[in-house]
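Chain and residue survey
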Amino acid sequence: MLLLAIESSCDETAAAVVQDGRSVLSSIISSQIDIHARFGGVVPELASRSHLEQISPVIEQALREAGCSMQDLQGIVCTAGPGLIGALLVGVSTAKALAYARNLPLAGVHHIEGHILSILLERQVDFPYLALAVSGGHTHLFRVEGIGSYQLIGRTVDDAAGEAFDKVAKIMGLPYPGGPQVDRLAQTPGQSPIRFPRPMLKQDNFNFSFSGIKTAVMQEVQKHPAPLPQETVVDISRAFQEAVVDVLTQKAFRAAQAQNLNRIVVAGGVACNSGLRNRFEQLASKNGCEVFFPSVALCADNAAMLAVAGDYYLGRGLSSPLELNARSSWPLDEVCSPLGVH
Ligand code: KG4
Ligand code: ZN
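Let us now look at the overall build of the chain. Of regular secondary structure, the chain possesses 11 helices and 10 strands. Against the compact-globule benchmark of 20 Å for 342 residues, the chain has a radius of gyration of 20 Å, which places it among compact chains. Taking the principal axes of its C-alpha atoms as reference, the chain extends roughly 60 × 45 × 30 Å. Counting all 342 residues of the chain, 57% fall into the buried class. A fraction of 73% describes how many contacts in the chain between residues 6 or more apart in sequence connect residues 24 or more apart.

Okay, structure coming up:
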């Protein structure tokens, strides 16, 4: 099927045209970073307004780059949740309007379902696999049995990994979004004299906690007079990234072992992190696992990733009703019959 996918759950307005849930003909992403940067984080009302302005030109560009028109499409896919409600509503309403106007089937997909299947746009990965979803809102481990079949293995009990990166960056006075900034500084050659705790690492479960590391960073920052010396910013970035990477990799490999899985897929914005990518790569063969990372463009928010599940559901005659509503919160392990079709 030739599908148009639309993503608007947070601060990226994105549209993509994807053939058969695998072949990306176009993927347009309009970022709102410039709008939110001066506020140090996403301002929901500004996000909704910007989505409204951007959504039509982004869709038009996606169709143009794919060399097709609305008449060629066979279905519409959108992120139905979770995310900022006002932002989601722009994508969902647009998708519903297009589906209604063109009499096309509609699939409202879970944002994290999009992330954990995004690898399939680039690589053939056999099911089952362990998925580590690490983004601004999620740090979750799922056993992925197939498309639409996800079992929650572990999750953060407080902050998401990306949220922790962003908060730590903010504490150090780095611009939003902080994850890429901390990553860049953490790559400075040398060793950090600081060591932050590895919360919950010793516990016999697959949950995560990142708010403790964030507090430890705050205490470290308070030891220094403002403004924080650049050398300290680098040391904290290195030590923080090291702690987060340690926890994420160790827990993921342990979960894979406990689940008898030898394939791990890492996805979501934090999967762009250089330290995380390197460490997983280094430890993969030692742990008897193959580790898969989508390319950086597919780790960050995009619309193409939604088409994998969208194509699968629509291809089986499963579609969302036009009453589809956006959901700001939506647990993924609830998705055994997604799309709001129960
Ligand atoms: O998946 P995503 O684009 O949006 C959500 O669904 O949340 O993830 C965004 C998150 C932000 O917290 C951002 O700081 C983080 O991913 N991020 C990174 C890196 N690139 C983006 N965190 C650490 N290192 C990076 N290189
Ligand atoms: Zn995301």
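So, next bit.
A separate point is the coordination of the zinc ion (ligand 2). The coordination sphere of the zinc ion (ligand 2), as far as protein atoms go, consists of H111 (NE2), H115 (NE2) and D301 (OD), spread over 2.0 to 2.1 Å. Donor residues binding the zinc ion (ligand 2) come from one chain and are separated in sequence as H-x3-H-x185-D. Residue H111 is located in helix α4 (residues 111-117), and its partner D301 is located in the loop between α10 (296-299) and α11 (306-315); the two are separated by 190 residues in the primary sequence. D301 carries the same exposure label as H111, and that label is buried.

Around ligand 1 there are 18 residues in total, and G136, D166, D183, G269 and N273 lie nearest to it. Interatomic distance of 3.1 Å between a side-chain N/O atom of H111 and an oxygen atom of ligand 1. In the model, a nitrogen atom of ligand 1 is placed 2.9 Å from a nitrogen or oxygen of the D183 side chain. Every element with two or more residues in the shell around ligand 1 is listed here: α4, α5 (161-171) and α6 (178-186).

In contact at an axis separation of 8 Å, helix α2 (residues 44-66) and helix α3 (residues 85-102) are set at 35° when each is read in the N-to-C sense. Considering how the two elements wind past one another, α2 and α3 form a crossing that is right-handed. Between α2 and α3, the contacting residues are S48, H51, L52, I55 and I59 on the first element and G86, A87, V90, G91, T94 and L98 on the second. The residue inventory of the contact of α2 with α3, partitioned by class, reads six nonpolar, five polar and no charged.

Its boundaries defined by the atoms lining it, the second largest pocket holds a volume of some 260 Å³. Along its surface, the second largest pocket is lined by 14 residues, and A186, R238, Q241, E242 and R279 are the ones closest to its centre. If you list the elements that add at least two residues to the lining of the second largest pocket, you get α8 (230-258) and α9 (274-284). Of the residues belonging to the lining of the second largest pocket, the class tally is two nonpolar, nine polar and three charged.

Pairing in this open sheet of five strands is mixed, and the strands run β8-β7-β6-β9-β10 from one edge to the other. Among the strands making up the open sheet, the edge pair consists of β8 (149-155) and β10 (290-292). Each strand of the sheet is rotated relative to its neighbour by a mean of 25°, with strand direction disregarded. Where strand β9 (residues 263-267) and β10 come together, three bridges link them in parallel fashion. Within β10, the position partnered with R263 by the bridge is E290.

Scanning all chains against the criterion turns up 10 salt bridges. Across the pair K214 and D159 runs a salt bridge whose closest N-O atoms are separated by 3.0 Å. Of this pair, K214 sits in helix α7 (residues 211-222) while D159 sits in the loop between β8 and α5, placing them 55 residues apart in sequence. A salt bridge links D246 to R198, with the nearest nitrogen and oxygen atoms 2.9 Å apart. In this pair, D246 sits in helix α8 while R198 sits in the loop between α6 and α7, placing the two residues 48 residues apart along the sequence. A relative accessible area of 13% means that D246 is categorised as buried. Its relative accessible area of 14% is what places R198 among the buried residues.

Moving on, we come to the domain arrangement of the chain. Interface size is commonly expressed as the accessible surface area that is lost when the partners come together. Looking at the chain, the domain boundaries give domain 1 (2-116 + 299-315) and domain 2 (124-293). Buried area between domain 1 and domain 2, both sides added, is near 1500 Å², and the carbon and sulfur share of it is 72%. Three residues, I112, I116 and C299, lead the burial of domain 1 against domain 2; their summed loss comes to 44% of the area buried on that side. Along the contact surface separating domain 1 from domain 2 lie four residue pairs in polar contact (both at pLDDT 80 or more). Of all the secondary structure elements, the ones that give two or more residues to the side of domain 1 that touches domain 2 are α1 (33-37), α4 and α11. Among the residues making up the side of domain 1 that touches domain 2, the classes are represented as 13 nonpolar, four polar and two charged.

This part is about the pairing of strand β2 (residues 12-19). Extensive coverage of β2 is indicated by the burial of seven of its eight residues. With six bridges joining them, strand β1 (residues 2-7) and β2 adopt antiparallel strand pairing. Paired with L3 across the strands is V18, a residue of β2. Hairpin connection of β1 to β2: four residues between the antiparallel strands. Across eight bridges, β2 lies against strand β3 (residues 23-31) in antiparallel orientation. Each residue of the ladder has a partner; that of T13, found in β3, is S30.

Cut-offs used in this document
Residues take numbers from 1 onward in each chain, read along the sequence in its written order. Whichever chain is written first is A, and whichever ligand is written first is 1; the rest continue in order. In keeping with the predicted nature of the model, local features appear solely for residues at pLDDT of at least 70, side-chain atom pairs appear and are counted solely at 80 or more, and the whole-chain, interface and lining totals rest on all residues. Hydrogen atoms and water are omitted, and side-chain values are computed over all heavy atoms in the structure. Counting from the N terminus, the helices are the DSSP runs of H or I reaching at least four residues and the strands are the DSSP runs of E reaching at least two. Computation of the radius of gyration draws on C-alpha atoms alone. For the globule rule, the value is 2.2 Å times the number of residues to the power 0.38. Burial status follows relative accessibility: with a 1.4 Å probe on protein chains alone, a residue under 20% of its type maximum counts as buried, one over 50% as exposed, and anything between as partly exposed. Residues count as neighbours in contact if any of their non-hydrogen atoms are within 4.5 Å of one another. For Na, K and Ca the donor cut-off is 3.2 Å, while for other metals it is 2.8 Å, and in both cases only N, O and S atoms qualify; water is not among them, so sites may look incomplete. We call a residue near a given molecule or strand whenever any one of its heavy atoms falls within 4 Å of it. Here a polar contact is recorded for every N or O atom pair within 3.5 Å, except that within protein the pair must consist of a potential hydrogen donor and a potential acceptor, and residues adjacent in sequence are included only if both atoms are side-chain atoms. Between the N-to-C directions of two axes lies an angle of 0 to 180 degrees, each axis being a line fitted to C-alpha atoms and, for a helix, fitted only over the stretch in contact. Working rule for handedness: look at the near helix, and if it is turned counterclockwise from the far one by less than a right angle, call the crossing left-handed; if clockwise, right-handed. For this scheme, ten residues count as nonpolar: Ala, Val, Leu, Ile, Met, Phe, Trp, Tyr, Cys and Pro. Four count as charged, namely Asp, Glu, Lys and Arg, and the remainder, Gly too, count as polar. Only protein atoms enter the 1 Å grid used here, on which a cavity is any set of points holding a 1.4 Å probe that cannot leave and a pocket is any open set flanked by protein within 12 Å on both sides along at least five of seven lines; residues with an atom within 4 Å of a point are listed as lining. Grid points are joined across faces, edges and corners, and a volume is the space filled by probe spheres set on the points. In this description, strands pair whenever DSSP reports at least two bridges between them. What makes a salt bridge here is a side-chain nitrogen of Lys or Arg within 4 Å of a carboxyl oxygen of Asp or Glu, nothing more. Annotation comment: domain bounds sourced from an automatic or database domain assignment. Using a 1.4 Å probe, buried area is obtained as the accessible area two parts lose upon being combined, added over both of them.

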